[in-house]
Amino acid sequence: MDLFFFLLFAFIAVACAVSVVLQKHPISCALSLVGTMAALAVLYLLLGAEFIVMVQVIVYAGAIMVLFVFVIMLLNAGAEEGRGRSWVARIAGLPALAALAGLLGYFMLTLLPMTGPKGSFVKFGDFTGGGAKEIGTALFTEYLLPFEVTSILILIAILGAIVLARKELD
Amino acid sequence: MDPQAALQMLHKGVPTSWYLALSAVLFTIGVAGFILRRNIITVFMCIELMLNAVNLSFIAFAHEHKQVSGHLFTFFVMVVAAAEAAVGLAIILTVFKNRSTLNIDEIDSLKN
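Residues numbered from 1 in each chain as written. Chains lettered and ligands numbered in written order. Predicted model: local features only at pLDDT ≥ 70, side-chain atom pairs only at ≥ 80, totals over all residues.

1. Observations concerning the overall build of chain B
The number of helices and strands found in chain B is 4 helices and 1 strand. For chain B, the C-alpha radius of gyration of 20 Å lies well beyond 13 Å, the compact-globule estimate for 112 residues. Its C-alpha atoms put chain B at 65 × 30 × 20 Å along the principal axes. Within chain B, buried positions represent 49% of all 112 residues. The contacts in chain B between residues at least 6 apart in sequence include a share of 48% that link residues at least 24 apart. (Helix = DSSP H or I, 4+ residues; strand = E, 2+ residues; numbered from the N terminus. Rg over C-alpha atoms; globule rule 2.2 N^0.38 Å. Buried ≥ 20, exposed ≤ 12 C-beta atoms within 10 Å, placed from the backbone. Contact = placed C-beta atoms within 7 Å.)

This is the structure in structure tokens:
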């Protein structure tokens with residue numbers, strides 16, 4: 001059952017990711033990206049990350065993507081026109097990307113053993129330390145300083161966004 | 001792999017490395033979009049795709065080591081992504097206001 005869900009949602013994630021790259025219109029890209037994020041949320045759930053699943057759905061697929069769609073709507077962005085690329089990119093682009101994916105995938109697959117008694121496997125319910133309680137405990141004890149620094153980062157981001165997007169006053 | 005071992009593997013669950021390989025594939029697709037696309041908003045979305053791929057490997061490692069630290073890193077990555085989206089989209093708005101284009105090939109005033 002684990003394998004079935006993994007394969008199903010991994011396929012959805014990859015298909016939506018390819019759609020993000022291939023779609024011409026930005027709004028289609030945004031919706032495909034939401035699909036990828038939703039599929040990844042299910043995979044996070046299989047890995048036992050309950051809190052991160054909710055954050056992924058609410059913050060990522062919800063808030064950030066709404067921001068994207070909002071900007072696409074504001075700018076009235078149309079489909080992008082195809083442009084001629086250099087012949088190097090035309091010939092070597094796809095093989096180079098396939099090589100990168102193959103290399104990364106190979107190292108990832110050989111990083112952890114798949115068979116034998118030391119093989120590492122993911123089974124739903126193996127790891128239950130990803131709830132809000134455990135996250136909160138770790139966040140406010142061990143990771144308190146990064147948490148506080150994050151608040152400063154967000155303050156700077158808010159100020160930056162306001163300064164960039166405001167109307168020039170005479 | 002003989003059928004007996006495959007059946008045993010199925011019983012034990014999905015290998016953790018498959019999650020990592022999926023993360024690698026998603027990251028590569030994100031890189032491809034980042035390089036191929038010409039619309040600045042879509043380029044931005046491909047960056048988000050790469051961040052998501054990295055998050056997946058963080059969570060897979062958290063499961064592997066049965067530690068919650070990976071979840072916290074993912075949490076911080078999401079916070080940084082939110083801040084980045086806010087500032088980046090503000091920059092895109094400003095660029096569009098000044099130049100009326102979203103094509104990254106035409107935004108080259110720093111060149112020469």
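Moving on from the coordinates now.
2. Description of the overall build of chain A
A tally of helices and strands in chain A yields 6 helices and 1 strand. Secondary structure elements in chain A, listed N-terminal to C-terminal, are α-α-α-α-β-α-α. A compact globule built from 170 residues would reach a C-alpha radius of gyration of about 15 Å, whereas chain A, at 21 Å, exceeds it by more than 25%. On the principal axes, the C-alpha backbone points of chain A span a range of 70 × 50 × 25 Å. Taking all 170 residues of chain A together, the buried fraction comes to 25%.

3. A closer look at the interface of chain B and chain A
Size of an interface, as often reported, equals the accessible area lost when the parts are brought together. Tallying the contact residues gives 63 residues for chain B and 70 residues for chain A. Listed by contribution, the elements that provide at least two residues to the side of chain B that touches chain A are α1 (3-12), β1 (14-15), α2 (16-36), α3 (40-65) and α4 (69-99) of chain B. In terms of residue count, the dominant contributor to the side of chain B that touches chain A is α4(B) (20 residues). Partitioning the side of chain B that touches chain A into residue classes produces 45 nonpolar, 12 polar and 6 charged. Strand direction decides the pairing type here: strand β1 (residues 121-122) of chain A and β1(B), joined by 2 bridges, are antiparallel. Opposite Phe121(A), over in β1(B), you have Pro15(B) as the bridge partner. (Nonpolar A, V, L, I, M, F, W, Y, C, P; charged D, E, K, R; others polar. Pairing = 2+ DSSP bridges.)

4. Section: the packing of helix α1 (residues 2-22) of chain A against α2(B)
Interaxial distance between α1(A) and α2(B) falls to 9 Å at its minimum, and their mutual angle equals 10 degrees. One finds that α1(A) runs roughly parallel with respect to α2(B). Here Phe6(A), Ala10(A), Ala13(A), Val14(A), Ala17(A), Val18(A), Val20(A) and Val21(A) of α1(A) come into contact with α2(B), specifically with Trp18(B), Leu22(B), Val25(B), Leu26(B), Ile29(B), Ala32(B), Gly33(B) and Leu36(B). Looking at the contact of α1(A) with α2(B) residue by residue, the classes come out as 15 nonpolar, 1 polar and no charged. (Axes fitted to C-alpha atoms, helices over the stretch in contact; angles between N-to-C directions. Parallel < 35°, antiparallel > 145°, perpendicular 65-115°, else oblique.)

5. As for the packing of α1(A) against helix α2 (residues 26-46) of chain A
All names here are of chain A. Look at α1 against α2: their axes get within 8 Å of each other, and the N-to-C directions meet at 160 degrees. Considering their axes alone, α1 and α2 lie roughly antiparallel with respect to each other. Crossing angle aside, the handedness with which α1 passes α2 is left-handed. Residues Asp2, Phe5, Phe6, Phe9, Ile12, Ala13, Cys16, Ala17, Ser19 and Val20 of α1 form the contact with α2, whose own contacting residues are Cys29, Ser32, Leu33, Gly35, Thr36, Ala39, Leu40, Val42, Leu43 and Leu46. Its residues assigned to classes, the contact of α1 with α2 shows 15 nonpolar, 4 polar and 1 charged. (Left-handed = near helix turned anticlockwise from the far one by under 90°.)

6. Thoughts on helix α3 (residues 50-75) of chain A
Taking 1.5 Å per residue as the helical rise, α3(A) with its 26 residues ought to reach 38 Å, and the 36 Å between its terminal C-alpha atoms agrees with that figure. Taken together, the buried positions of α3(A) are Phe51(A), Ile52(A), Val53(A), Val55(A), Gln56(A), Tyr60(A), Ile64(A), Phe68(A), Val71(A) and Ile72(A). Among the structural elements, α2 and α5 (132-140) of chain A together with α3 and α4 of chain B are those in contact with the buried residues of α3(A). Trailing α3(A) by a residue or two, Asn76(A) shows a phi angle of about 50 degrees, which is positive. (Expected span 1.5 Å × (residues − 1).)

7. A word on α1(A)
With 21 residues, α1(A) extends 30 Å between its outermost C-alpha atoms, agreeing within 8% with the 30 Å of an ideal straight helix rising 1.5 Å per residue. Turning to α1(A), its buried residues number three or more, namely Phe6(A), Ala10(A), Ala13(A), Cys16(A), Ala17(A), Val20(A) and Val21(A). Here the buried residues of α1(A) occupy an arc of 145 degrees about the axis, which is enough to place them on one side. Away from its buried face by more than 90 degrees, α1(A) exposes Phe4(A), Leu8(A) and Phe11(A). If you follow the buried residues of α1(A), they end up packed against α2 of chain A together with β1, α2 and α3 of chain B. (Arc of directions from axis to C-beta.)

8. A closer look at the confidence of the model for chain A
Here chain A averages 85 in pLDDT, while 91% of its residues score no lower than 70. No element of chain A has a lower mean pLDDT than β1(A), which averages 78, and none a higher one than α2(A), which averages 93. (pLDDT = per-residue confidence, 0-100.)

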